[in-house]
Every structure is written in structure tokens, then in C-alpha cells.
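# Reading the structure
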Amino acid sequence: GAVVSQHPSWVICKSGTSVKIECRSLDFQATTMFWYRQFPKQSLMLMATSNEGSKATYEQGVEKDKFLINHASLTLSTLTVTSAHPEDSSFYICSARDESSGRDFIRETQYFGPGTRLLVL
Amino acid sequence: AQKITQTQPGMFVQEKEAVTLDCTYDTSDPSYGLFWYKQPSSGEMIFLIYQGSYDQQNATEGRYSLNFQKARKSANLVISASQLGDSAMYFCAMREDHNAGGTSYGKLTFGQGTILTVHP
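Keep in mind that what you see is a predicted model, and the values were worked out from it rather than measured. (Residues numbered from 1 in each chain as written. Chains lettered and ligands numbered in written order. Predicted model: local features only at pLDDT ≥ 70, side-chain atom pairs only at ≥ 80, totals over all residues. Heavy atoms only, no water.)

### Considering the overall build of chain B
Tallying secondary structure elements over chain B gives zero helices and 12 strands in all. When the elements of chain B are put in sequence order from the N terminus, they spell out β-β-β-β-β-β-β-β-β-β-β-β. Taking 120 residues into account, the globule formula puts the C-alpha radius of gyration at 14 Å, and chain B, at 14 Å, falls close to it. With respect to the three principal axes, the spread of C-alpha positions in chain B is 45 × 30 × 25 Å. Expressed as a percentage of the 120 residues in chain B, the buried residues total 49%. A sequence separation of at least 24 residues applies to 58% of the contacts in chain B between residues at least 6 apart. When the accessible surface of chain B is split by element, carbon and sulfur atoms take 50% of a total near 5,500 Å². (Helix = DSSP H or I, 4+ residues; strand = E, 2+ residues; numbered from the N terminus. Rg over C-alpha atoms; globule rule 2.2 N^0.38 Å. Buried < 20%, exposed > 50% of the residue type's maximum accessible area, 1.4 Å probe, protein only. Contact = heavy atoms within 4.5 Å. Areas by Shrake-Rupley, 256 points an atom, 1.4 Å probe, with all protein chains shown as cover.)

Here it is in C-alpha cells:
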């Protein structure tokens, strides 16, 4: 099946630093990737839709200058948390849509990465 | 209004018994998809089952079945013969095919989740 990877799997950083999280589709091309954030015991909240070759679409209430998204290739999207603060500590999960013919075996489901746990001290 | 509602914060079931996890949704889009995901403590999202709004039959995948009642806008997950390894958080999610708009097509809206605990 399709695989999506994320790197790093966890990161601890000091307040004020920037953190970059990578999301890769390993065996398919993804023109669209999604970034979600999940606080403990809560649901996944969509932060933004990452579009290859164009600007990301952010959900209401998500600061685009704080959460920079770059989708430079068909297999890689990055999320950079700029000037991270303790309240940004969360679990960040990406997902990717496999839009190539015949690969979306469950009718356009999404493939999720394993997530990145961010702790800002 | 909540688009996806899971009213059971936690559920308990005895091993080998069946359990139903509730999910109701709200949309005016005639075309949509409903998903169930399992999230163990490791955090990974494991796809379980999918139901399309135009599907005539209820979806089934092994021990998982989806009780789709379109008029009531409910999509409950039934897990038969529960196993200890089924203990996890379960999320219901919806994809709206026309209301998403432009480049956000395919985005999922998740319910609050239900923590399932399977007792031996």
C-alpha cells in the first residue's frame, strides 16, 4: 500500500526557535497534502492544504506566517513552525492524496504519515 | 453546527463481543465520503473503512462494518468479535466533494473521537 513518511518523528526545541517537519509520499505522487494538528485526547484539526507548485490554503484561525508550508515537489511538503512557543507543542500529522490512476484503492482515501510530536520548552 | 459528531467519549467492551461506535454527520453536499480511522497510542492513523454517499450497500472490511443510515445521517462503526488489540481511539471523518472548494478538495473533517477499551 501507499506509504507516507514524516521526519522527524519527535522534536524538542527551545522557545523562539523554528522547526521544520517533512512529509513525503514514498511510492506515489501527491499534488495535494494536508497538515493536521492534534492536541492530547482531542481530534485532528486541519491546519492547511498544501498544493504542489502553488500557495497553501490555510484554515480559518491558522496563522500563515507562523506555519509556513512549502510543497516544492510532488513527493514532499514541509511545515515550518516559526518562532515556536510552548502552546505550539502538539502532534502534527500530514496526509497525502494519491491522485494517480488506479492507485487510490479505497476511492480517494488519504494516506497518513506517522506524525511528529513537537515539544517546545 | 458540528459536521461530525461522536457522542461517546469512551466505550468499554468485553473481548469477543461486538461493539458499535456512533457517528452522525451534517452536510448539504449530495456527494460525500465517510471514513473510520483507528489511532492507537503510537499516534498513527489506521484506515478502517469507507462509505460513499451513493453506495447502496453498507461497507464491510473484515471485522468492521459500517451501519450507514443516510436519512438519519448516521454512519456507525460495528466491530465484531472484539480483540484486546482493538483498544484505541476511533475517529469518524467526512469528506465533502462539492462544498470543499477548489484546492481544498479531499480534506477531512474529524469527529471528537471515541476511546475504546477492550477488557479480557
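Still to come is the rest of the account.
### Re the interface of chain B and chain A
Listed as interface residues are 24 residues of chain B and, on the opposing side, 24 residues of chain A. Roughly 1,900 Å² of surface becomes buried between chain B and chain A when both sides are summed, with 51% attributable to carbon and sulfur atoms. If you look at where chain B meets chain A, you find one salt bridge. Its salt-bridge partner being A:Glu59, residue B:Lys107 comes within 3.3 Å of it at the nearest N-O pair. Counting every contact that joins chain B to chain A gives six residue pairs in polar contact (both at pLDDT 80 or more). Of all the secondary structure elements, the ones that give two or more residues to the side of chain B that touches chain A are β5 (32–39), β6 (46–52) and β10 (88–96) of chain B. Of the residues in the side of chain B that touches chain A, the class split is 11 nonpolar, nine polar and four charged. (Buried area = accessible area lost by both parts, 1.4 Å probe. Salt bridge = Lys/Arg side-chain N within 4 Å of Asp/Glu carboxyl O. Polar contact = N/O pair within 3.5 Å; in protein donor to acceptor, adjacent residues only side chain to side chain. Nonpolar A, V, L, I, M, F, W, Y, C, P; charged D, E, K, R; others polar.)

### Re the sheet that holds strand β7 (residues 67–73) of chain A
In a beta sheet, neighbouring strands pair by backbone hydrogen bonds and run either parallel or antiparallel. Residue and element names in this part refer to chain A. Taken in spatial order, the four strands line up as β1-β3-β8-β7 in an open sheet, and their pairing is antiparallel. Two strands in the sheet have a free side with no partner beyond their single neighbour: β1 (4–7) and β7. Going from strand to strand, the sheet's axes swing by 15 degrees on average, the running direction of each strand aside. By the bridge criterion, six bridges tie strand β3 (residues 19–25) to strand β8 (residues 76–81) in an arrangement that is antiparallel. Within the sheet, the bridge partner assigned to Val19 lies in β8 and is Val81. (Pairing = 2+ DSSP bridges. Axes fitted to C-alpha atoms, helices over the stretch in contact; angles between N-to-C directions.)

### Considerations on the state of the cysteines
Covalent bonding between the sulfur atoms of two cysteines defines a disulfide. Residues and elements named next belong to chain A. Tallied over the full model, the rule gives two disulfides over all chains. Here Cys23 engages in a disulfide with Cys94; their sulfurs sit 2.0 Å apart. An S-S torsion of about 80 degrees defines the bridge between Cys23 and Cys94 as right-handed. Remark: Cys94 occurs in strand β9 (residues 90–97) and Cys23 occurs in strand β3; sequence separation between them is 71 residues. (Disulfide = S-S within 2.5 Å.)

### Re the side chain of A:Lys66
With respect to the helices, strands and loops of the structure, A:Lys66 is situated in the loop between β6 (57–58) and β7. Filtering out sequence-adjacent residues up to four positions away, A:Lys66 remains in contact with A:Thr80, A:Val81, A:Thr82, A:Ser83, A:Ala84, A:His85 and A:Asp88.

### Comments concerning a nonpolar patch on the surface
There is a patch of nonpolar side chains on the surface, built from A:Trp10, A:Ile12, A:Leu119 and A:Leu121 and spanning about 450 Å² of accessible area. Note that A:Trp10 resides in strand β2 (residues 10–13). (Patch = residues over 30% accessible without salt bridge, like charges linked within 9 Å, V, L, I, M, F, W, Y side chains within 5 Å.)

### Observations concerning the environment of B:Phe47
Residues and elements named next belong to chain B. Along the chain, Phe47 turns up in strand β6. In this structure Phe47 comes out as partly exposed when scored by relative accessible area, which is 22%. For the pair Phe47 and Trp36, spaced 11 residues apart in sequence, the C-alpha separation works out to 6.4 Å.

### Some details on the environment of B:Cys92
Residue and element names in this part refer to chain B. By secondary structure assignment, the location of Cys92 is in strand β10. Note on Cys92: relative accessible area 0%, which makes it buried. Considering only alpha carbons, one finds Cys92 and Gly10, 82 residues apart in sequence, at a separation of 14 Å. Dropping the residues within four chain positions of it, Cys92 is found in contact with Ile4, Gln6, Cys23, Phe35, Trp36, Thr109, Phe110 and Gly111.

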